[in-house]
Amino acid sequence: MPQFEPVLLANVGKPESHTLKVYESTGGYTGLKKVLKQMAPVQAIEMVKSSNLRGRGGAGFPTGLKWSFLPKDHPGPIYMCINADESEPGTFNNRILMEDDPHQVIEGIIVGCYATKATTAYLYIRVEYPRSYKRLQMAIDECYAKGYLGKNILGADFSLDIFLHRGAAAYICGEETGLIESLEGKRAWPRIKPPFPAVEGVFRKPTVVNNIETMACVTQIARRGVDWFKSIGVPSDPNNPRDPGSYGPKLYCLSGHINQPGCYEAPLGITCRQLIEEYGGGVWKGRKGKAAIPGGISMGLLTEAEFDTPLDFAGPGKVGCLGLGTAAVVVMDETTSMIDFLHNSCRFFSHESCGQCTPCREGTHWSLSMLERIKAGKGRLRDLDLLLEIGDTIGIIPGTTICGLSDGAAWPIKNAIRKFRGEFEEYIKRTNPTGHLETKAVPALPILAGAH
Ligand SMILES: Cc1cc2nc3c(=O)[nH]c(=O)nc-3n(C[C@H](O)[C@H](O)[C@H](O)COP(=O)(O)O)c2cc1C
Ligand code: SF4
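Calculation criteria
- The numbers attached to residues start from 1 for each chain and follow its sequence in the written order.
- Whichever chain is written first is A, and whichever ligand is written first is 1; the rest continue in order.
- For a predicted model such as this one, the threshold for reporting local features is a pLDDT of at least 70, and the threshold for listing and counting side-chain atom pairs is 80 or more; totals across whole chains, interfaces and linings nevertheless cover every residue.
- In computing side-chain values, all of the structure's heavy atoms are included and hydrogens and water are not.
- We define proximity as follows: a residue is near a molecule or strand when any one of its heavy atoms falls within 4 Å of that partner.
- The definitions used throughout rest on a 1 Å grid laid over the protein atoms alone, on which a cavity is an enclosed set of points accommodating a 1.4 Å probe that cannot get out and a pocket is an open set flanked by protein within 12 Å on both sides along at least five of seven lines; lining residues are those having an atom within 4 Å of a point.
- Here the criterion for a molecule occupying a pocket or cavity is that more than half of its atoms lie within 2 Å of the pocket grid points.
- Polar here means any residue outside two lists: the nonpolar Ala, Val, Leu, Ile, Met, Phe, Trp, Tyr, Cys and Pro, and the charged Asp, Glu, Lys and Arg; Gly therefore counts as polar.
- By convention, a stacked pair of Phe, Tyr or Trp rings (six-membered ring in the case of Trp) has centres within 6.5 Å and planes under 30 degrees apart, an edge-to-face pair has planes over 60 apart, and any other such pair is tilted.
- Where helices and strands are cited, they refer to DSSP runs of H or I of at least four residues and of E of at least two residues respectively, numbered from the N terminus.
- To sort residues, take the accessible area from a 1.4 Å probe on protein chains only and compare it with the maximum for the residue type: under 20% means buried, over 50% means exposed, and anything in between is partly exposed.
- Cation placement over rings: the criterion is NZ of Lys or CZ of Arg within 6 Å of the ring centroid and within 35° of the ring normal.
- As annotated, the domain borders come from an automatic or database domain assignment.
- The quantity reported as buried area is the accessible area (1.4 Å probe) lost by two parts once they are put together, taken as the sum for both.
- A pair is scored as a salt bridge if a Lys or Arg side-chain nitrogen falls within 4 Å of a carboxyl oxygen belonging to Asp or Glu.
- Think of a polar contact as two N or O atoms within 3.5 Å of one another; within protein, one of them needs to be a possible hydrogen donor and the other a possible acceptor, and neighboring residues in sequence only count if both atoms come from side chains.
- What makes two strands pair is DSSP finding at least two bridges between them.
- Axis geometry follows a simple rule: fit a line to the C-alpha atoms, using only the stretch in contact for helices, then measure angles between N-to-C directions, giving values from 0 to 180 degrees.
- Contacts: residue pairs with any heavy atoms within 4.5 Å of one another.

Caption draft 1: The arrangement of the site of ligand 2 in detail. As a structural note, the neighbourhood of ligand 2 is formed by 13 residues, with Cys354, Gln356, Cys357, Cys360 and Cys403 the closest of them. Spatially, ligand 2 is embedded in the largest cavity. Residues of the shell around ligand 2, tallied by class, amount to 8 nonpolar, 5 polar and no charged.

Caption draft 2: Representation of the packing of aromatic side chains. Tallied over the entire structure, the rule returns 13 aromatic pairs. Between the aromatic rings of tyrosine 79 and phenylalanine 203, the centroid separation amounts to 5.7 Å while the plane-to-plane angle is 75°, which identifies the pairing as edge-to-face. Remark: phenylalanine 203 occurs in the loop between α8 (176-183) and β4 (207-211) and tyrosine 79 occurs in strand β1 (residues 79-84); sequence separation between them is 124 residues. A relative accessible area of 11% places tyrosine 79 in the buried class. Judged by centre distance (6.0 Å) and plane angle (55°), the ring pair of tryptophan 228 and phenylalanine 229 falls under tilted. For the pair formed by tryptophan 228 and phenylalanine 229, the shared burial category is buried. Counting every residue linked through ring pairs, the aromatic cluster contains Tyr79, Tyr122, Phe163 and Phe203. Taking NZ or CZ as reference, arginine 224 lies 5.5 Å from the ring centre of tryptophan 228, over its face. Its guanidinium or amino end placed over the ring of tryptophan 284, lysine 285 lies 4.3 Å from that ring's centre, counting from NZ or CZ.

Caption draft 3: Seen up close, the domain arrangement of the protein. What the domain assignment reports for the protein is domain 1 (20-231), domain 2 (246-333) and domain 3 (338-431). Around 830 Å² of area is buried between domain 1 and domain 3 when both sides are counted, 75% of it from carbon and sulfur atoms. Here domain 1 and domain 3 share 0 salt bridges between them. Our count for the contact surface shared by domain 1 and domain 3 stands at 3 residue pairs in polar contact (both at pLDDT 80 or more). When its residues are assigned to classes, the side of domain 1 that touches domain 3 shows 7 nonpolar, 1 polar and 3 charged.

Caption draft 4: Focus on the sheet that holds β4. On the basis of which strands lie adjacent, the open sheet formed by 4 strands has the order β3-β2-β1-β4 and parallel pairing. The outermost strands of the open sheet, each flanked by one partner alone, are β3 (161-167) and β4. The mean angle between the axes of side-by-side strands here comes to 20°, regardless of whether they run parallel or antiparallel. Bridge count between strand β2 (residues 120-126) and β3: 7 bridges; the pairing is parallel. Bridge assignment links alanine 121 to a residue of β3, and that residue is isoleucine 162. The strands touched by helix α9 (residues 212-224) are β1, β2 and β4; relative to β4, the strand with the most contacts, the crossing angle is about 90°.

Here's what the structure looks like:
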């Protein structure tokens, strides 16, 4: 494995790493103490802003900038919501942090709440993570006992409560306004924005929503400083004043057809090939790679020829993917059928669409219907263009939907068909030799049992 000293995962694997005792023995809570002693909240926001930390939950939005959108001098309350829904397929870095180093996450939350003047933090965690829930609650209890949470934390004029909230497990609960609705006890239907949560979030009060790994990064910035954080990763493009760069360490989840799957910490900007070869020990069974999902299924696909793409915030977009997403890389070997890949992807998004927006509800349903038909040997070549038409027209980017779930549904369709069109055409011609040129409308097949 390459030389890079893990920071976010430094405690993972140590005995009792989830306890306050072990965390403090490795420098835990020194960053918080520094911030409370030396900085006013506005300076703490400035620290995170100047680190150029970008959110690790999928969209890569600059964290300090998001915090600075909160209204100034608001009478309160201001809330912080921590997103531990982690339902993007292939993603498990949040779980590892919560299970093995919960205090690293909590320290970042306390620093974040001090900076934003939030007095209550809700940590929204998916119900499938009972171990994470237990470990987090233990860590929160330890913090109250030690004075890191509660009234006048470490003697400062700052009080904070953290509550864990278990979500009932739906992909849409991870979308920040879906999460807020769910936290309020309603169905997780994303809200139309604006207003953005910074202005009107949970209980219609100013709210910041951040990911678990983002908060662990805040801890490390508070402890080690901005210069340390910016010494890692990919600098901003000097010719593009709007590029905040891709700084800091990142947790990459590696799974699929790989010799050593796992969660690895590397500098942002490592290439997909380096991750597969140097960290994952190569594609399994001595086979060649065919494709990889760069950052969760909603980001689309890299072909083997694109494996040298840097996995920073800008890299995957340059080869037609949606972005870095959660940096969860799923590797597919040369025997993988792209038809099966796309069928699975369409099943997932059709099942998870909340149904509010017609283009998403209908588009995900009809793309699944077409994939079912293709797989049943009744595909037509024109289905590929119909699928592309759906892919190009659903989502926030084309401007037809409320949330980004539909962009996530569209990208696997667009990338699979545009990058592997020959395989789709060959499959359709072989399995439907007499009907593949059919142009008349044909009825949809019933969706297979289990797809919904
Ligand atoms: C359908 C959908 C699901 C999402 N799921 C998650 C999730 O499980 N965890 C997460 O942190 N962000 C998720 N996001 C992104 C959040 O909306 C939000 O951008 C993020 O929590 C902000 O945190 P960050 O700025 O620290 O990355 C999802 C977005 C969409 C559109
Ligand atoms: S885009 Fe899809 S998931 Fe998002 S709000 Fe609309 S219907 Fe729901």
